[in-house]
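# Residue-level structural notes
As a plain string of letters, each chain reads:
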Amino acid sequence: MALGFWPRGRLGLGRRLAFLAAMLAGFADAAGAGEHAALDALVRAYPDFLAGYDATNLIWRDGTRMPLADGRPTGDLAEMLRRGSILDQIRMPYPAGPLTAGMGPTGDPGRVRNRAFFDKMYGNCWKGEVRPRLVSVVWLPRSWGRTTEATSVNSVAQRIAAVSAEVDALPLALKRYAYPPAGTYNCRTVADTGQPSMHAWGAAIDINRAHADYWLDHRAGDNERPSQIPTEIVEIFERHGFIWGGKWSHYDTMHFEYRPELLSGSAAEEAPPTAAESPRTGSVNDRRH
């Protein structure tokens, strides 16, 4: 940062440096406040698992201490997508609510996921730890009426059932975007990062593929905006703690995943809904998020 914005001759070098140090301290305090707010939201979002945090660790209720950072510089999104820390995954704010006219995705809030964090919470699917926790949900019982699987951890399956009930009450012109779903649980990785998909933890659902757009399906340099899922559907998911892949620069407009820490004040921070669960059945997913 240049020091030439002070009037010449009015401040000595020592006072200039002191002023600069104070400015930098102010920036650090602001960044620290934002970081603490994001960590507070993370702990509130998963009360069954998280007890708190200190300067260096996330503290789990079983006493586990998990590093907040990995010591690598931040700012390289490609690197974070492959090896994101806990702080990396909450660093980018998610724009809840409808996007304003002319506003498109400017980042990938929520697409960075710390594998150790989610493996501890939901289990490692490659070790057979996720499937025993899956339960079945009837998706849109009045319109589609078939079952799909999601994790019972954090009441994700119950929350999907609550989303289903609200979407099912929408007019056909809107809810047709939501069925048949393209899948929920699938033990797989993300196409471009090699890291586990949120589907691998049973905490995501893809809705009707016929009305969806995926960034990898578009040619390089293609600036055409992806098709839009109705705002009404997106808002229902967000109220129940699910973020939408349509708000990512690497967009996946049929994808929703349970990430209540990025939706502070959502229904996900309140008591989980009650929902009847029907017998378990399989589901299918593709290569996406």
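Keep in mind it's a predicted model, so treat the numbers as computed, not measured. (Residues numbered from 1 in each chain as written. Predicted model: local features only at pLDDT ≥ 70, side-chain atom pairs only at ≥ 80, totals over all residues. Heavy atoms only, no water.)

In terms of helices and strands, the protein chain carries seven helices and eight strands. Pairs at least 24 apart in sequence give 65% of the contacts found in the protein chain among residues at least 6 apart. (Helix = DSSP H or I, 4+ residues; strand = E, 2+ residues; numbered from the N terminus. Contact = heavy atoms within 4.5 Å.)

Turning to the state of the cysteines, a few remarks are in order. Going through the model one piece at a time under the given rule, you end up with one disulfide. Disulfide partner of Cys125: Cys187, at an S-S distance of 2.1 Å. One disulfide, between Cys125 and Cys187, carries an S-S torsion of 80° and so falls in the right-handed class. With Cys125 in the loop between helix H4 (115-122) and strand S4 (134-139) and Cys187 in the loop between helix H6 (172-175) and strand S6 (204-206), this residue pair connects regions lying 62 residues apart in the sequence. Judged by its relative accessible area of 10%, Cys125 falls in the buried class. We classify Cys187 as partly exposed; its relative accessible area is 26%. (Disulfide = S-S within 2.5 Å. Buried < 20%, exposed > 50% of the residue type's maximum accessible area, 1.4 Å probe, protein only.)

Let us now look at the environment of Val137. By secondary structure assignment, the location of Val137 is in strand S4. Considered as a pair, Val137 and Ser164 are 27 residues apart in the sequence and their alpha carbons are 8.9 Å apart. Ignoring anything within four residues of it in the chain, the contact list for Val137 reads Arg146, Thr147, Thr148, Ala157, Ile160 and Ala161.

Our next topic: the nonpolar core. Tyr46, Leu58, Phe117, Tyr122 and Trp139 are the most contacted members of the largest nonpolar core, which has 58 residues in total. Sort the elements by how many residues they give to this core and helix H5 (residues 156-168) lands first, with six residues. The residues touching Phe117, leaving out its near neighbours within four places in the chain, are Leu42, Tyr46, Leu50, Leu58, Trp60, Met66, Ile86 and Gln89. Counting five residues, the second largest nonpolar core, distinct from the first, contains Cys125, Val130, Leu134 and Ala200. (Core = buried A, V, L, I, M, F, W, Y, C linked by side-chain atoms within 4.5 Å.)

Contact geometry of H5 with helix H7 (residues 231-239) gives a least axis separation of 9 Å together with a crossing angle of 155°. Here H5 lies roughly antiparallel to H7, going by the angle between them. For the pair H5 and H7, the sense of crossing is right-handed. Every residue of H7 that contacts H5 at Val163, Glu166 and Val167 is listed here: Ile236, Phe237 and Arg239. A class-by-class count of the residues in the contact of H5 with H7 yields four nonpolar, no polar and two charged. (Axes fitted to C-alpha atoms, helices over the stretch in contact; angles between N-to-C directions. Parallel < 35°, antiparallel > 145°, perpendicular 65-115°, else oblique. Left-handed = near helix turned anticlockwise from the far one by under 90°. Nonpolar A, V, L, I, M, F, W, Y, C, P; charged D, E, K, R; others polar.)

In this section: the sheet that holds strand S3 (residues 65-67). Ordered by their spatial adjacency, three strands build an open sheet running S1-S2-S3, and the pairing between neighbours is antiparallel. Of all the strands in the sheet, the pair left with one neighbour each is strand S1 (50-53) and S3. The sheet shows a mean angle of 25° between the axes of neighbouring strands, direction not considered. In terms of strand pairing, S1 meets strand S2 (residues 57-60) through three bridges, oriented antiparallel. Bridging from a neighbouring strand, Tyr53 pairs with Leu58 of S2. The strands touched by H4 within the sheet are S1, S2 and S3, with S2 carrying the most contacts at an inclination of about 0°. (Pairing = 2+ DSSP bridges.)

On to the confidence of the model for the protein chain. The share of residues in the protein chain with pLDDT of 70 or more is 71%, and the mean pLDDT across the chain is 80. pLDDT under 50 marks residues 1-9. Its contacts with residues more than four places away, or in other chains, come to 15 contacts. The low-confidence segment residues 20-31 (pLDDT under 50) makes six contacts with residues lying over four places distant or belonging to another chain. (pLDDT = per-residue confidence, 0-100.)

What follows is about the pattern of salt bridges. The tally for this structure, following the rule as stated, stands at twelve salt bridges. Here Arg91 and Asp88 are joined by a salt bridge, their closest N and O atoms 3.1 Å apart. Of this pair, Arg91 and Asp88 both sit in helix H3 (residues 86-91), three residues apart, which is roughly one turn of the helix. Note that Glu261 is salt-bridged to Arg259, the shortest N-O span being 2.7 Å. For the pair formed by Glu261 and Arg259, the shared burial category is buried. Taken together, the shared-partner salt bridges connect Arg113, Glu257, Arg259 and Glu261 into one network. (Salt bridge = Lys/Arg side-chain N within 4 Å of Asp/Glu carboxyl O.)

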